[in-house]
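Here is how the chains run, residue by residue.
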Amino acid sequence: MDLKQFSLEGKVALITGASYGIGFAIACAMHEAGAAIVFNDIRQDLVDKGLAAYREKGIEAHGYVCDVTDEDAVNALVRKVEAEVGVIDILVNNAGIIKRIPMTEMTAAQFRQVIDVDLNAPFIVAKAVIPSMIKKGHGKIINICSMMSELGRETVSAYAAAKGGLKMLTRNICSEYGEYNIQCNGIGPGYIATPQTAPLRERQPDGSRHPFDSFIVAKTPAARWGEAEDLGGPAVFLASDASNFVNGHILYVDGGILAYIGKQPG
Ligand code: NAP
Ligand code: GCO
């Protein structure tokens, strides 16, 4: 087997919402594999912060302001990237939000906002990049799903509905565009230590660990939270020629939590 299959040399990768967190870690890994890195964020100051963070790692990334829920802005972004960097070979639909509110207390507007970012936006961005991928004869789309694509829990109804939908959108893009040599897969991270999960890991007033923190460590066979960097290798694999016959698959990078019923109490 030729290891060059894992190379992303000459490829243009757009990672949405990648100023920090999981998207940033995936972008760094893809850069190391040879890809040119393009990312967006909602505000210029966040894009600038992201550019500085990439530069600190020796990466000259291309950053753009774009709200992924705004279809006109996304189409303009794709046109600008194609003109300034090149046709997008790899799309990582990473941008996402969560609202932890009991369902009966969540407003319809709050529910819609989560669906808009976590499900409608991946549709919008994928729809914008697929035509050029078809023309180019290849493409890789990686949707950042979640354990909540498989499981529910209290207070995350909108997020679980969105991530469950994103799993099926992944399978449908695979079904509809596989014949054009476009592979669309998902990555389902477990519990990863990023700003999004910071509230679940906050130290308690008495200095003890957050109960949810202890719960997740006990429920995860790897007995730890994931780091954003744990997602870099799986993302490079799914973005590379090494995965050209992998399509419609959700790769769970979760330390084994989905496989484990949990320790007997006591
Ligand atoms: P994060 O730290 O909250 O970062 C999310 C990123 O998405 C931020 O850069 C944010 O930008 C951006 N974003 C949000 N709404 C956007 C919009 N409308 N347009 C453009 N960018 C937008 O989250 P994370 O933990 O890195 O998670 C990244 C992805 O992984 C998300 O899809 C999340 O659901 C998923 N995930 C996370 C975990 C975990 O345990 N952390 C596990 C499974 C899946 P701003 O800073 O401007 O808001
Ligand atoms: C939560 C967490 C999870 C993680 C992730 C797990 O509140 O349960 O935020 O949703 O973010 O999605 O895979």
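Criteria and cut-off values
Residues numbered from 1 in each chain as written. Chains lettered and ligands numbered in written order. Predicted model: local features only at pLDDT ≥ 70, side-chain atom pairs only at ≥ 80, totals over all residues. Heavy atoms only, no water. Pairing = 2+ DSSP bridges. Helix = DSSP H or I, 4+ residues; strand = E, 2+ residues; numbered from the N terminus. Near = heavy atom within 4 Å. Polar contact = N/O pair within 3.5 Å; in protein donor to acceptor, adjacent residues only side chain to side chain. Areas by Shrake-Rupley, 256 points an atom, 1.4 Å probe, with all protein chains shown as cover. 1 Å grid on protein atoms, 1.4 Å probe; cavity = no way out; pocket = protein on both sides within 12 Å on 5 of 7 lines; lining within 4 Å. Sits in = over half its atoms within 2 Å of the grid points. Nonpolar A, V, L, I, M, F, W, Y, C, P; charged D, E, K, R; others polar. Core = buried A, V, L, I, M, F, W, Y, C linked by side-chain atoms within 4.5 Å. Buried < 20%, exposed > 50% of the residue type's maximum accessible area, 1.4 Å probe, protein only. Contact = heavy atoms within 4.5 Å. Points joined across faces, edges and corners; volume = space filled by probe spheres on them.

Draft legend 1. Structural context of the pairing of strand β3 (residues 62–65). Judged from the four bridges that link them, strand β2 (residues 36–41) and β3 form a sheet pairing that is parallel. Looking at β3, one finds that D41 is bridged to V65.

Draft legend 2. Representation of the site of ligand 2 in the model. Near ligand 2, the surroundings consist of 14 residues, among which R100, S146, R153, Y191 and Q196 are the closest. Between ligand 2 and M147, the relevant distance is 2.9 Å, taken from an oxygen atom to a main-chain nitrogen or oxygen of the residue. Between ligand 2 and Y191, the relevant distance is 2.7 Å, taken from an oxygen atom to a side-chain nitrogen or oxygen of the residue. With the chains in place, 97% of the 330 Å² that ligand 2 exposes on its own is no longer accessible. Because more than half of its atoms lie within 2 Å of the grid, ligand 2 is assigned to the largest pocket. A breakdown of the residues in the shell around ligand 2 according to their chemical character gives eight nonpolar, four polar and two charged.

Draft legend 3. Fine view of the site of ligand 1. Around ligand 1, the surrounding shell holds 28 residues, and the nearest of these are Y20, D41, N94, Y159 and T194. Taking G17, its main chain carries an N or O atom lying 3.1 Å from an oxygen atom of ligand 1. Within the side chain of Y159, an N or O atom sits 2.7 Å from an oxygen atom of ligand 1. Burial of ligand 1 by the protein amounts to 92% of the accessible area it has alone, namely 890 Å². Among the cavities detected, the one that contains ligand 1 is the largest pocket. Elements with a minimum of two residues in the shell around ligand 1: α1 (21–32), β2 and α5 (157–177). Here the shell around ligand 1 is built from residues that sort into 16 nonpolar, nine polar and three charged.

Draft legend 4. How the structure looks around the nonpolar core. By size, the foremost hydrophobic cluster in this structure holds 34 residues, and its most contacted members are M30, I37 and Y54. Of all the secondary-structure elements, those providing two or more residues to this core are β1 (12–16), α1, β2, α2 (44–56), β4 (90–93), β5 (139–144) and α7 (232–239). Counting residues per element, this core draws most heavily on α1, at eight residues. With sequence-adjacent residues up to four places away left out, I37 is seen in contact with A13, I15, A27, M30, H31, Y54, I59, A61 and H62. In this structure, L91, L119, L169 and I173 belong to the second largest nonpolar core, which totals 32 residues.

Draft legend 5. Representation of the layout of surface pockets in the model. Put simply, the largest pocket is a space of about 910 Å³. N94, A95, G96, I97 and Q196 are the residues nearest the centre of the largest pocket, which is lined by 41 residues in total. At the level of elements, α1, β2, α4 (108–136) and α5 are the ones that each hand at least two residues to the lining of the largest pocket. The dominant element in the lining of the largest pocket, judged by the number of residues it contributes, is α1, at three residues.

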